[in-house]
Amino acid sequence: MGAIYEREVKSYFNTMTGYLVCAFLLMFAGVYVMAYNLNYGYPNFEYVLQGMSFIFMIVVPILTMRSVAEERRQKTDQLLYALPVPMTRIVLGKYFAMVTVFLLPTALIALYPLLLSSFGTVSFITAYGSLVGFIFMGAAFIAVGLFISSLTENQAIAAVLCFLALLVNYFLTSTTEFVSESSTASFVAVTVIIVLIALLLRVMTKNTFVSVVTFLALEVANVIVLAFSPDTLSGLLTTAMEKLSLFDRFDNFVGGVFDITSLVFYLVTAGVFLFFTVQSLEKRRWS
Amino acid sequence: MIEVNNLTKVYGNHTAVDDLSFTVEDGRIYGLLGPNGAGKTTTMNIMTGCLGATSGVVRIDGLDIFDEPEKIKRKVGYLPELPPLYPDMTPMEFLEFVAKARGVTGKERTEQIEKVMEITGIEEMQDRLIKNLSKGYRQRVGIAQALLGNPEVVILDEPTVGLDPKQIIEIRDLIKNLGKDHTVILSSHILGEVQAVCDHILIISHGRLVASGTPNDLEKQFTGSSTVDLSVKADQARATEILAGMDGVSDVEVKSEADGVTELRVSAQDGGDVREALFTAFSKANVPILNMTLSKASLEDIFLEFTGEEPAQNKRGKEARHGRNLRA
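Since the model is a prediction, treat every value here as computed from it, not as a measurement. (Residues numbered from 1 in each chain as written. Chains lettered and ligands numbered in written order. Predicted model: local features only at pLDDT ≥ 70, side-chain atom pairs only at ≥ 80, totals over all residues. Heavy atoms only, no water.)

Peer 1: What is the right way to look at the overall build of chain A in this model?
Peer 2: Along chain A, the regular secondary structure elements total 17 helices and zero strands. Relative to its full complement of 287 residues, chain A shows a buried share of 45%. (Helix = DSSP H or I, 4+ residues; strand = E, 2+ residues; numbered from the N terminus. Buried < 20%, exposed > 50% of the residue type's maximum accessible area, 1.4 Å probe, protein only.)

Peer 1: Quick question: what am I supposed to make of the pairing of strand β1 (residues 2–11) of chain B here?
Peer 2: Every regular strand shows the same layout, with side chains that alternate between the two sheet faces. All names here are of chain B. Where β1 lies against strand β4 (residues 55–60), five bridges are found, and the strand directions are antiparallel. Directly across from Thr8, in β4, lies its bridge partner Ser55. Of the strand pairs in this sheet, β1 and strand β2 (residues 14–24) are connected by seven bridges, and their pairing is antiparallel. Residue pairing for β2: Ile2 is matched across the bridge by Val24. Hairpin connection of β1 to β2: two residues between the antiparallel strands, including Gly12 at a positive phi of 55°. (Pairing = 2+ DSSP bridges.)

Peer 1: Explain the sheet that holds strand β8 (residues 183–188) of chain B here, please?
Peer 2: Two strands in a sheet stick together by hydrogen bonds in their backbones, pointing the same way (parallel) or opposite ways (antiparallel). All names here are of chain B. The six strands lie next to each other as β6-β7-β8-β3-β9-β10, forming an open sheet whose pairing is mixed. One side of each edge strand has no neighbouring strand; the edge strands of this open sheet are β6 (76–79) and β10 (208–213). Between one strand and the next, the sheet's axes are offset by a mean angle of 15°, whatever the strand orientation. Across five bridges, the pairing between strand β9 (residues 200–205) and β10 is antiparallel. Looking at the pairing, Ser205 lines up with Arg208 of β10. Packing of helix α1 (residues 40–47) onto the sheet brings it into contact with β3 (29–33), β6, β7 (153–157) and β8, and relative to β8 it is tilted by some 150°. (Axes fitted to C-alpha atoms, helices over the stretch in contact; angles between N-to-C directions. Contact = heavy atoms within 4.5 Å.)

Peer 1: I'm lost on the sheet that holds β4 of chain B in this one. Help?
Peer 2: All names here are of chain B. Reading across from one edge, β2-β1-β4-β5 is the order of the four strands in this open sheet, with antiparallel pairing throughout. Every other strand in the sheet has two partners, leaving β2 and β5 (63–64) as the edge strands with one partner each. Packing against the sheet, α1 makes contact with β1, β2 and β4, and its axis sits at approximately 120° to β1.

Peer 1: Sorry if this is basic, but what is going on with the interface of chain B and chain A here?
Peer 2: By a widely used convention, the size of an interface equals the accessible area lost when the partners come together. The partner chain A presents 25 residues to the 29 residues of chain B that form the contact. Buried area between chain B and chain A, summed over both chains or domains, comes out near 2,300 Å², and the portion from carbon and sulfur atoms is 61%. Between the two partners, chain B and chain A, sit one salt bridge. Of the charged contacts in the structure, one is a salt bridge between Lys100 of chain B and Glu6 of chain A, with a shortest N-O distance of 2.5 Å. Summed over the shared surface of chain B and chain A, the result is five residue pairs in polar contact (both at pLDDT 80 or more). Put simply, the parts of the chain that give the side of chain B that touches chain A at least two residues each are β1, α2 (69–75) and α3 (91–101) of chain B. Here the side of chain B that touches chain A gets five residues from one element, more than from any other, and that element is α3 of chain B. (Buried area = accessible area lost by both parts, 1.4 Å probe. Salt bridge = Lys/Arg side-chain N within 4 Å of Asp/Glu carboxyl O. Polar contact = N/O pair within 3.5 Å; in protein donor to acceptor, adjacent residues only side chain to side chain.)

Peer 1: Looking at this structure, how should I read the layout of surface pockets?
Peer 2: Rolling a probe over the atoms, with the probe sized like a water molecule, indicates the empty space that remains. All names here are of chain A. As a volume, the largest pocket reaches approximately 740 Å³. Along its surface, the largest pocket is lined by 18 residues, and Phe147, Leu200, Val203, Met204 and Lys283 are the ones closest to its centre. Of the residues contributing to the lining of the largest pocket, the split by class is 10 nonpolar, four polar and four charged. When residues of the lining of the largest pocket are assigned to domains, at least three fall in each of domain 1 (2–172 + 245–286) and domain 2 (178–243). (1 Å grid on protein atoms, 1.4 Å probe; cavity = no way out; pocket = protein on both sides within 12 Å on 5 of 7 lines; lining within 4 Å. Points joined across faces, edges and corners; volume = space filled by probe spheres on them. Nonpolar A, V, L, I, M, F, W, Y, C, P; charged D, E, K, R; others polar. Domains from an automatic or database assignment.)

Peer 1: I tried to follow the side chain of Asp229 of chain B on my own but got confused; where do I start?
Peer 2: Residues and elements named next belong to chain B. In this fold, Asp229 is placed in strand β11 (residues 227–232). Side chain to side chain, Asp229 and Lys255 meet in a polar contact 3.4 Å long. With residues up to four places along the chain from it excluded, the contact list for Asp229 reads Lys255, Leu264, Arg265, Asn291, Met292, Thr293 and Ser295.

Peer 1: Can you help me understand the pattern of salt bridges in this one?
Peer 2: When charged atoms on two side chains of opposite charge get close, those side chains can pair. Residues and elements named next belong to chain A. The full count for this structure, using the stated rule, is 19 salt bridges over all chains. One salt bridge in this structure joins Lys10 and Glu6, with 4.0 Å as the shortest N-O distance. Note that Lys10 and Glu6 are positioned in helix α1 (residues 2–14) at a spacing of four residues, about one turn of the helix. Take Glu6: its relative accessible area is 33%, and that puts it in the partly exposed class. Glu8 serves as the salt-bridge partner of Arg7, at 3.3 Å between the closest nitrogen and oxygen. Looking at Arg7, the relative accessible area reads 6%, which means it is buried. Note on Glu8: relative accessible area 4%, which makes it buried. Several salt bridges share partner residues, and in doing so they unite Arg7, Glu8, Glu71 and Lys94 into one network.

Peer 1: How do you make sense of helix α3 (residues 45–52) of chain A when you look at a structure like this?
Peer 2: Each turn of an α-helix holds 3.6 residues, which means side chains three or four residues apart point in the same direction. Residues and elements named next belong to chain A. Taken across its eight residues, α3 has six buried, putting it largely inside the fold. Inspection of α3 places Phe45, Glu46, Val48, Leu49, Gly51 and Met52 among the buried residues, and these make up the whole buried set. Packing partners of the buried residues in α3 comprise α2 (17–39), α4 (56–64), α7 (87–109), α8 (112–117), α9 (124–149) and α16 (246–254).

Peer 1: Is there a simple way to explain empty space enclosed by the protein in this structure?
Peer 2: Under the criterion given, the structure shown has three cavities of 30 Å³ or more. In terms of lining, the largest cavity is formed by Ala3, Glu6, Arg7 and Lys10 of chain A together with Met89, Glu93, Glu96, Phe97 and Lys100 of chain B. Looking at the lining of the largest cavity, the elements with two or more residues in it are α1 of chain A together with α3 of chain B. Here the lining of the largest cavity is built from residues that sort into three nonpolar, no polar and six charged. By volume, the second largest cavity is sized at about 60 Å³.

Peer 1: Just to check I follow, could you spell out the packing of aromatic side chains for this structure?
Peer 2: We describe a pair of aromatic rings using the distance from one ring centre to the other and the angle between the two ring planes. Residues and elements named next belong to chain A. Applying the stated rule across the entire model yields 26 aromatic pairs over all chains. Aromatic pair Phe28 and Phe54: ring centres 5.6 Å apart, planes at 90°, arrangement edge-to-face. Taken together, the residues Phe28 in helix α2 and Phe54 in the loop between α3 and α4 connect sequence positions 26 residues apart. Plain terms: the ring middles of Phe124 and Tyr128 are 6.1 Å apart, the flat faces sit at 25° to each other, and that makes the pair stacked. (Phe/Tyr/Trp six-rings, centres within 6.5 Å; stacked < 30°, edge-to-face > 60°.)

Peer 1: What exactly am I supposed to notice about a negative patch on the surface here?
Peer 2: Together, Glu181, Glu242, Asp248 and Asp251 of chain A give the surface a local cluster of negative charge. Checked against the element boundaries, Glu242 of chain A lands in helix α15 (residues 236–244). (Patch = residues over 30% accessible without salt bridge, like charges linked within 9 Å, V, L, I, M, F, W, Y side chains within 5 Å. Areas by Shrake-Rupley, 256 points an atom, 1.4 Å probe, with all protein chains shown as cover. Lys, Arg positive; Asp, Glu negative; His and termini not counted. Charge placed at Lys NZ, Arg CZ, Asp CG, Glu CD.)

Peer 1: Can you help me understand the nonpolar core in this one?
Peer 2: The tendency in soluble globular proteins is for nonpolar side chains to be buried as a group. Core analysis: the biggest nonpolar cluster contains 138 residues, and Met52 of chain A together with Phe94 and Ile185 of chain B have the highest contact counts within it. The residues contacting Phe94 of chain B, other than those within four sequence positions of it, are Leu79 of chain A together with Pro84, Leu85, Tyr86, Met89, Ile130, Val141 and Gln145 of chain B. By size, the runner-up hydrophobic cluster in this structure holds 17 residues, among which are Val232, Ile242, Val249 and Leu278 of chain B. (Core = buried A, V, L, I, M, F, W, Y, C linked by side-chain atoms within 4.5 Å.)

Peer 1: Help me understand the side chain of Ser211 of chain A in this model?
Peer 2: All names here are of chain A. Along the chain, Ser211 falls in helix α13 (residues 208–228). With a relative accessible area of 6%, Ser211 lands in the buried category. Residues within four places of Ser211 in sequence aside, it is in contact with Ala198, Leu201 and Arg202.

Have a look at this one:
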């Protein structure tokens, strides 16, 4: 894992990618500090982080697009498969390298509250609490990007898909306004998800029987819930969408709440997508 | 020792490797020979743990590649068809990375890197970026990479493809030298190369092992299909009439007839030598033999014979299906 990590970090700074990521993060941090803290005179550094959180939509695709896709295109993934290192470690090495590249400019950004404190009172707890949230959120997004990169050989496609995934997540909460809260709407949404699960199962196991049985079992459960306890379903969809919004969860930190649940949620998201990445790479070996 | 038992790999409805079995003894150079698409690369990918098999077992020193991949991968160095190199690194950086990833540490690492660079002759290139190296040098860096960690087995997939004749000779010498310390398995679709370098040849066609042995063994084994090229001073009808009355002749092919001279190719039954019989038969008929040559099957012929035909006519229904897939 160490060797992979080291190589990846070096390669980010042998090419432009690493510098680009640093430049973007530092530039936007500077612009928002300039606007909020210096221009308007707010003492709250967390507003800067909240304002610039959309930057992940640009930075994460740049950072993650090549991680696996480029290995695959250059056929260097062959080397990784032939190394006496388990796939999990290879993926973790790559992941931590990307997190490191993200942390370097973030460490510089972390100096702003100290700088600002020389002009007045800054709430360090909220500022650094938010920064922790910001870092965890970034780490979760990087895992998503890494997984998307493992799906294709083409960096550009990986970048676009990653951008879209983050975009959808960004607007997830605002779109809940347009989603009906009725139990029927949730029923339909749950049905769609069940169909997707069944299809995924069919694709992965190539076993029609298992997927049909799974579909029927889940759908019957869904119908039963709709028939006997429709209240459980009403609002389910909107609640789920709000809970899944990684961007939205960050607002808790900005609001002064050090939200452990959200930190755990970010970690779980990262873990799940790293697991998917390992599976995606292992699948290549077995297909 | 490497044992490959009943290895099968199916992609969708295409069988790339079909019930392949062979063993590889330590300390020798093995050549996997077969036309493009015969399943050589797939076999090597499975042997190095880069690819899963549909069924079958690969064991190296008794360890199963699917049960203990990490242990096996330490014993095997692999150069895939396209050397897996990072273009924005120098050979030195790249070899350090691979050595580290293969768990070679400290002083041992520096020593091994120096050694493999010396063996492959890339010392002068160690600080250039890999993307600026010529194909030959990239191939060498690829081989150097496969030697790190001092593996017992070195597997090279088409190591000389795309090189110029001088480089090919250099790489072949390099491989021969590797054979002194390692078990080497290389693949090629060029017979001359395998013949020049390897102690043992495995001919693969359509995913199956069709012949195996040392170059000499193979030649001996297949002299059975010996033929005699003959030119006689007679017309075609007369010549074939004489041959038809002979024992031990299985097949007669008339090549040409001009100015009363007929050129024929006579195949002997059971690999016997029919030259004496031919002489007696023609002299009895008072037909002069102008020229007679015995031509033994060369490795080239064996190779073409085994790899040229579709496997459909050889065996049962399984192969019939197989043959159809290949044509599709």
